[in-house]
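Here is what each chain is made of, one letter per residue.
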Amino acid sequence: MAFPWLSASILFPIGAALLIPFVPDKGDGKTVRWFALVVALLTFLLTVGGYLNEYNPADPGLQLDEHIDWLPDLGLAWSVGADGLSMPLILLTSFITALAALAAWPVSFKPKLFYFLLLAMDGGQIAVFAVQDMLLFFLAWELELIPVYLLLAIWGGKKRQYAATKFILYTAGSSLFILLAALAMAFFGSSSGMPISFEYSALMDKGFPIGFQLLCYAGLLIAFGVKLPIVPLHTWLPDAHGEATAPVHMLLAGILLKMGGYALLRFNCQILPDAHAQFAPLLVVLGVINIIYAALTSFAQRNLKRKIAYSSISHMGFVLIGIGSFSALGSSGAMLQMISHGLIGASLFFLVGATYDRTHTLQLDEMGGVGQKMRKMFALWTVCSLASLALPGMSGFVSELMVFVGFATDDAYTLPFRIVIDGLAAVGVILTPVYLLSMLREIFYGKENVELASHSELVDAEPREIYVIGALLVPIIGIGLYPRLMTDTYSAAMEALVARNESAMKALTSPAGGALIRQTALRAPMIPG
């Protein structure tokens, strides 16, 4: 019997978290933090072991699958597996969480509870990407809400209660649509003798009518749009980031936002392809709104955390455009953008936390003149900001270029529509370096704040901080120089998904958007390599 790599990756950190109360610690967290770091690293090694030993990137189907009947009369089972849509994000989750455990090194207030929540989130977030049962997906989706709420409410800033409450109201309220859609799809056709099953493979084979698909798609779009987040469902994110600590920032930007993009691919595109063919133009338009609105809003922010938070919302707009395209290149760019932003967003928010620990302010007007004292920190900020503004040679450039080219060559849409969308998206590409480079100037070389520049705690980057950023920059630069390091892990699955959506598009008799979509034979450009 094969080793249960995915079940171990999910249950090991959760089980280890339950042991934290029994870890001997003097209350300062110096022992429990080592325990949490070792557990997070072992979890990362488990996911890497599953990928190296059991995962074949050329196979578009489900791999590392495990199935144990739970309540067969209700169609419930422990069903986990990985394919090209989930495996890259499983690896990203365990990698970011391990670095977040190291980023949480200074935590001394209720450290046992903090690391308990961190490890519980690790298992829960891996479960979101690994489970193959929609009811299990809903339970895993809900599992991560409580740790995030507590991490915000207990260790956050001055408005932490407001931010935590807003987060739970938005995400928990919208997730009800996931439960309703899961029940509706599982029980659909049960009166005619079809078995009740929540498994993705069974739902894909049911052939739901278009009206039913549209209703489920709309509900799921709201649920996943909150998490992505899609404007105007985004307002919880700047508040949450504005109050979170550095490791929680890393989890929010690096993993939680990717749950929304993954779910759109898994459910809205894969299980509901006919509805996706109708909604795709809307996703593209929403993506452009995300890019421009959030970029302009980020430009106007004077709070450092909120500026980076709106930058994250802007970058996730490219994911929506890629998902809304009917080309393998554009869809692959959406996946690569999720991975790239997970790495870049985690690095920027970690630096935000490190900078706040030194300056004790988040207001750009109160910063300035600290570049001479923090040269290493300035260098780290510069490299990560260049990655975020899509500098050639880094992962952000490759992913955004794939989305641009993929959509521009997508025969599903008319030429004028493609020109307008790519042109508007380019506005965001222009705005990003403007607000990021001006941010660097204000922090490090703006008008000198004499009191801040002379502060005794204004020390340069420590070895631990350099290591965290260095660990994130290795894949950022590696993917930028050789994208096949990542695209090869999911290209087969993405091409199969695009082929399924292409068939659904060809079957449309009256596409939504009318003149935006043309009824011609679609060509899906293959992913290079």
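Only a predicted model underlies this, so the values are computations on that prediction, with no experimental measurement involved.

K.L.:
Sorry if this is basic, but what is going on with the pattern of salt bridges here?
P.N.:
For side chains bearing opposite charge, pairing can occur when the charged atoms are close. For the structure shown, the criterion picks out eight salt bridges. D488 serves as the salt-bridge partner of R484, at 3.2 Å between the closest nitrogen and oxygen. Accessibility expressed as a relative area gives 33% for R484, which makes it partly exposed. Residue classification places D488 among the partly exposed residues on the basis of a relative accessible area of 25%. Beyond isolated ion pairs, a larger network of salt bridges with shared partners links K166, D239 and R306.

K.L.:
So what exactly am I meant to see when it comes to the packing of helix α13 (residues 304-324) against helix α14 (residues 328-359) here?
P.N.:
When two helices pack together, their arrangement is given by the angle between the helix axes and the distance between those axes. Two elements in contact, α13 and α14, have axes whose closest approach is 8 Å; the angle formed by their N-to-C orientations is 170°. Looking at the two axes, α13 sits roughly antiparallel to α14. Here α13 contributes L304, K305, I308, A309, S312, H315, M316, F318, V319, G322 and I323 to the contact with α14, which in turn contributes G330, S331, A334, Q337, M338, H341, L348, F349 and V352. Looking at the contact of α13 with α14 residue by residue, the class counts come to 12 nonpolar, seven polar and one charged.

K.L.:
So what exactly am I meant to see when it comes to helix α11 (residues 246-271) here?
P.N.:
In an α-helix there are 3.6 residues to a turn, and that puts residues three or four apart on one side. The terminal C-alpha atoms of α11 lie 36 Å apart, and with 26 residues this matches the ideal 38 Å at 1.5 Å per residue to within 8%. With 26 of its 26 residues buried, α11 lies for the most part within the structure.

K.L.:
Which parts of the structure should I look at to understand empty space enclosed by the protein?
P.N.:
It is a probe the size of a water molecule, rolled over the atoms, that shows where empty space is left. Across all of its chains, the model carries three cavities of 30 Å³ or more by this definition. If you add up the space inside the largest cavity, you get close to 90 Å³. Lining the largest cavity are 14 residues, with H315, H341, I344, G345 and S388 positioned closest to its centre. Within the residue set of the lining of the largest cavity, elements represented by two or more residues are α13, α14, α15 (375-388) and α16 (395-408). Of the residues forming the lining of the largest cavity, the biggest block, six residues, is contributed by α14. The residue makeup of the lining of the largest cavity, split by class, is four nonpolar, nine polar and one charged.

K.L.:
Just to check I follow, could you spell out the layout of surface pockets for this structure?
P.N.:
Estimated volume of the largest pocket: approximately 710 Å³. Around the largest pocket sit 30 residues that line it, and A244, T245, K305, Y356 and D357 are the ones nearest its centre. Of all the secondary structure elements, the ones that give two or more residues to the lining of the largest pocket are α10 (236-243), α11, α14 and α19 (463-481). Sort the elements by how many residues they give to the lining of the largest pocket and α14 lands first, with five residues. In the lining of the largest pocket, the residues fall into 13 nonpolar, nine polar and eight charged. Quantified by volume, the second largest pocket comes out at close to 430 Å³. Surrounding the second largest pocket, 17 residues form its lining, F44, L91, P475, I479 and M486 being those nearest its centre. Contributing elements (two or more residues each) for the lining of the second largest pocket: α2 (32-54), α3 (87-103), α14, α19 and α20 (484-487). Looking at side-chain class alone, the lining of the second largest pocket contains 15 nonpolar, two polar and no charged residues.

K.L.:
I would appreciate a short explanation of unusual backbone geometry in the present structure.
P.N.:
Negative phi values dominate among residues other than glycine, just as trans dominates among peptide bonds. Cis geometry is adopted by the peptide bond preceding P229, which originates at L228 and carries an omega value of -5°. Omega for the bond connecting V231 with P232 falls within 30 degrees of zero, at 15°, which places this linkage in the cis form. Tracing the sequence through the fold places P232 in the loop between α9 (210-227) and α10. The phi dihedral of K110 is positive, around 45°, even though this residue is not glycine. Along the chain, the position of K110 falls in the loop between α3 and α4 (111-130). In this structure K110 comes out as partly exposed when scored by relative accessible area, which is 44%.

K.L.:
Mind showing me how you'd approach the packing of aromatic side chains here?
P.N.:
How two aromatic rings sit relative to each other is set out by the distance from centre to centre and by the angle between their planes. Using the criterion set out here, one finds 26 aromatic pairs in the structure. Ring centres of F3 and W5 lie 4.7 Å apart, and the angle between their planes is 70°; this geometry places the pair in the edge-to-face category. Relative to W155, the ring of F114 has its centre 5.1 Å away and its plane inclined at 80°; by these criteria the two rings are edge-to-face. Of this pair, F114 sits in helix α4 while W155 sits in helix α6 (residues 145-155), and the two are 41 residues apart along the sequence. In this structure F114 comes out as buried when scored by relative accessible area, which is 1%. Aromatic ring contacts, followed pair by pair, group F137, W141, Y200, F224 and F267 into a single cluster.

K.L.:
It is not clear to me how the packing of α11 against α14 should be interpreted in this structure. Could you clarify?
P.N.:
Interhelical geometry of α11 versus α14 gives an angle of 165° and a closest axis separation of 7 Å. Put simply, α11 runs roughly antiparallel to α14. α14 is crossed by α11, and the crossing has right-handed handedness. Residues A246, H249, M250, A253, G254, L257, K258, G261, Y262 and L265 of α11 touch α14, and the partners they reach there are M335, M338, H341, G342, G345, A346, F349, F350 and G353. For the contact of α11 with α14, a count of residues per class yields 11 nonpolar, seven polar and one charged.

K.L.:
How should the confidence of the model for the chain be read in this particular structure?
P.N.:
Low-pLDDT stretches of the model should not have their predicted coordinates read in fine detail. Per-residue pLDDT for the chain has a mean of 89; in total, 94% of the residues score no lower than 70. Confidence, read as mean pLDDT per element, is least for helix α18 (residues 450-453) in the chain (71) and greatest for α3 (96). Note on residues 519-529: pLDDT is under 50 here. Beyond four places in sequence and across chains, it has 31 contacts.

So, how was this worked out
- Residues numbered from 1 in each chain as written.
- Predicted model: local features only at pLDDT ≥ 70, side-chain atom pairs only at ≥ 80, totals over all residues.
- Heavy atoms only, no water.
- Salt bridge = Lys/Arg side-chain N within 4 Å of Asp/Glu carboxyl O.
- Buried < 20%, exposed > 50% of the residue type's maximum accessible area, 1.4 Å probe, protein only.
- Axes fitted to C-alpha atoms, helices over the stretch in contact; angles between N-to-C directions.
- Helix = DSSP H or I, 4+ residues; strand = E, 2+ residues; numbered from the N terminus.
- Parallel < 35°, antiparallel > 145°, perpendicular 65-115°, else oblique.
- Contact = heavy atoms within 4.5 Å.
- Nonpolar A, V, L, I, M, F, W, Y, C, P; charged D, E, K, R; others polar.
- Expected span 1.5 Å × (residues − 1).
- 1 Å grid on protein atoms, 1.4 Å probe; cavity = no way out; pocket = protein on both sides within 12 Å on 5 of 7 lines; lining within 4 Å.
- Points joined across faces, edges and corners; volume = space filled by probe spheres on them.
- Phe/Tyr/Trp six-rings, centres within 6.5 Å; stacked < 30°, edge-to-face > 60°.
- Left-handed = near helix turned anticlockwise from the far one by under 90°.
- pLDDT = per-residue confidence, 0-100.

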